[in-house]
Amino acid sequence: MKSVRDHFDVAVIGAGAAGMMAAMTAGQRGRRVVVLDHARAPGEKIRISGGGRCNFTNLHTAPAAFLSANPHFAKSALARYTPRDFLALVEARGIAWHEKTLGQLFCDGSARQIVSLLTDGMAEAGVDLRLGRTIETVTRREEGGFAVECSDGRVTATALIVATGGKSIPKMGATGFGYRLAESFGLPVLETRPGLVPLTLDPQQLAGFSDLVGVALPVRALAQGEPSEAGEKSDTGRKKDKRPAFREAMLFTHRGLSGPAILQVSSYWREGEAITLDLLPDTDLMAHLKAARRQAGRQQLRTVLAELLPKRLAQMLSPALAAAAGRAEEAMLADYGDAAFAAVARVLQGFSLKPAGSEGYRTAEVTLGGVDTRALNSRTMEAQAVPGLYFVGECVDVTGWLGGYNFQWAWASGFSAGQAA
Ligand code: FDA
């Protein structure tokens, strides 16, 4: 029965990270705010994030850690709402936190504390949170503002903030609704694809790696393209390349490759391209091999490599490495010249692999692409062609690296819209 009829200053569609931040901020400014979501609970992705501890921000947040067709767009919002701003909220609520690694901040306790921070903040700001609502249509009203037709009635609002996230994890209610809504208002939407996602290998490659399932090791990984260290700047202070290299862990799985290094690279990887892995990123392999040859020339290459790499990986690679160096597998180190060592180092430190695909939206942490930022105001997130209509969070074409960057974008973009709407 459609009975509820209400007018608000601001309607937010989507009670996720970005929508709740926008609603809380607008509510704190005295706006009458309603939040509509089809889910039964708010902030479900926050709840499951960071292994249940929510990696809620990253201290190293900078525009270079975000992918977008319009790389300058994110600068304004990220500067106006920083990791320290969110941390201040976390501390004000007495939530204990710690830095895990690489600037990544996690709750000591549970990700639910971050959900409560937002729901309590909204309640204190008088925000009306309505869950379990199916949105049927969204239209512009002749008299100004927007009408949202819901399963239980119509809501009207002067401003509408769309915060419905991306397509990742459809099982959790991800719908791509925001993209369709943007298009229905004439806004351009850039092609979407899964990001921060494990990469898959073809059956032949998998058969070759079958003994390695469960093996993890630190690597330096990059998607094809000119290499540059993640975050590294050139002499002129400009970012060297759009496809950075990531020094993190990699994991062999039943389907292919995973672990933080692979998830990071997946956002830059395109179907049909190779990825390059340095399997010994912090080792001067030539120096190591030469020293081993001097000290114990009768040992085999595999024995030396097993000291540097996980044993199963060293065993699996040794026939290919010996072949690359033009040696028999059982050859002694003393039989290797420097050129043969260099051939071994080239394979191990520039290991090239062509993934068959990715695990897709089923397991992707984020969706790349989305509402084209060139159609939005970077200070407010408002659509330039549709006054009063805002897009925030993951549905916008701004996607962060793994490590708390995506929540920071949700907070920053949500805050910007909440300040303006
Ligand atoms: P979000 O997806 O959070 O919210 C969208 C909301 O809109 C949902 O409540 C949904 O129900 C609602 N909605 C969708 N369609 C609708 C419709 N048609 N009608 C009504 N409501 C609708 N990031 C990070 O920085 N640190 C981390 O630790 C993690 N960990 C992590 C783990 C896993 C498993 C995943 C899948 C993702 C992460 N992320 C992450 C990414 C992070 O969760 C993501 O970037 C943010 O949740 C995006 O926030 P949004 O508010 O934009 O979308």
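Fair warning: this is a prediction, and the values are worked out from it, not measured in the lab.

1. Remarks on the overall build of the protein chain
Tallying secondary structure elements over the protein chain gives 13 helices and 21 strands in all. Along the first, second and third principal axes, the C-alpha atoms of the protein chain reach 85 × 40 × 40 Å. Of all 421 residues assigned to the protein chain, the portion counted as buried reaches 52%. Across the protein chain, contacts joining residues at least 24 apart in sequence account for 74% of those joining residues at least 6 apart. Counting every atom, the protein chain has about 18000 Å² of accessible surface; 49% of that belongs to carbon and sulfur. Positive and negative charge centroids in the protein chain, built from 47 and 42 side chains respectively, lie 0 Å apart.

2. Considering the domain arrangement of the protein chain
As far as domains go, the protein chain holds domain 1 (4–194 + 366–420), domain 2 (198–228 + 238–275) and domain 3 (280–349). Taking only C-alpha atoms, the centre of domain 1 and the centre of domain 2 are 30 Å apart. Each partner contributes residues to the interface: domain 1 has seven residues there, and domain 2 has twelve residues. Carbon and sulfur atoms supply 56% of the area that domain 1 and domain 2 bury against each other, a total of about 870 Å² over both sides. For the pair domain 1 and domain 2, the interface holds zero salt bridges. Run the count over domain 1 and domain 2 and you get four residue pairs in polar contact (both at pLDDT 80 or more). Among the residues forming the side of domain 1 that touches domain 2, the class breakdown is six nonpolar, no polar and one charged.

3. Looking at the sheet that holds strand S5 (residues 97–99)
Here three strands make up an open sheet; going across it, the order is S3-S6-S5 and the pairing antiparallel. Strands with a single pairing partner mark the edges of an open sheet, and in this sheet they are strand S3 (55–58) and S5. Geometrically, the sheet is characterised by an average inter-axis angle of 25 degrees between neighbouring strands, direction not taken into account. Two elements, S5 and strand S6 (residues 104–107), share three bridges in a ladder whose sense is antiparallel. Within S6, the position partnered with His98 by the bridge is Phe106. Here helix H4 (residues 83–92) sits on the sheet in contact with S3, S5 and S6, set at roughly 140 degrees to S3.

4. Considering the environment of Phe407
If you trace the backbone, Phe407 turns up in helix H13 (residues 405–420). Assessed through its relative accessible area of 15%, Phe407 is described here as buried. For the pair Phe407 and Ser49, spaced 358 residues apart in the sequence, the C-alpha separation amounts to 9.8 Å.

5. So, the site of the ligand
The full set close to the ligand counts 29 residues, and Ala18, Asp37, Asn55, Glu394 and Phe407 are the nearest of them. One nitrogen or oxygen atom from the side chain of Thr175 is found 2.9 Å from a nitrogen atom belonging to the ligand. Its free accessible area being 1000 Å², the ligand has 91% of it covered by the protein chains. Of all the secondary-structure elements, those providing two or more residues to the shell around the ligand are helix H1 (17–28), helix H2 (44–48) and H13.

6. Section: the packing of helix H11 (residues 311–324) against helix H12 (residues 338–349)
Following both chains from N to C, one finds H11 and H12 inclined at 135 degrees, their axes separated by 8 Å at the closest point. In terms of their interaxial angle, H11 and H12 are classed as oblique. With respect to the hand of their crossing, H11 and H12 are arranged in right-handed fashion. Along the contact surface, H11 presents Leu317, Leu321 and Ala324, while H12 presents Ala343, Val344, Val347 and Leu348.

Each value, and the rule that gives it
Residues numbered from 1 in each chain as written. Predicted model: local features only at pLDDT ≥ 70, side-chain atom pairs only at ≥ 80, totals over all residues. Heavy atoms only, no water. Helix = DSSP H or I, 4+ residues; strand = E, 2+ residues; numbered from the N terminus. Buried < 20%, exposed > 50% of the residue type's maximum accessible area, 1.4 Å probe, protein only. Contact = heavy atoms within 4.5 Å. Areas by Shrake-Rupley, 256 points an atom, 1.4 Å probe, with all protein chains shown as cover. Lys, Arg positive; Asp, Glu negative; His and termini not counted. Charge placed at Lys NZ, Arg CZ, Asp CG, Glu CD. Domains from an automatic or database assignment. Buried area = accessible area lost by both parts, 1.4 Å probe. Salt bridge = Lys/Arg side-chain N within 4 Å of Asp/Glu carboxyl O. Polar contact = N/O pair within 3.5 Å; in protein donor to acceptor, adjacent residues only side chain to side chain. Nonpolar A, V, L, I, M, F, W, Y, C, P; charged D, E, K, R; others polar. Pairing = 2+ DSSP bridges. Axes fitted to C-alpha atoms, helices over the stretch in contact; angles between N-to-C directions. Near = heavy atom within 4 Å. Parallel < 35°, antiparallel > 145°, perpendicular 65-115°, else oblique. Left-handed = near helix turned anticlockwise from the far one by under 90°.

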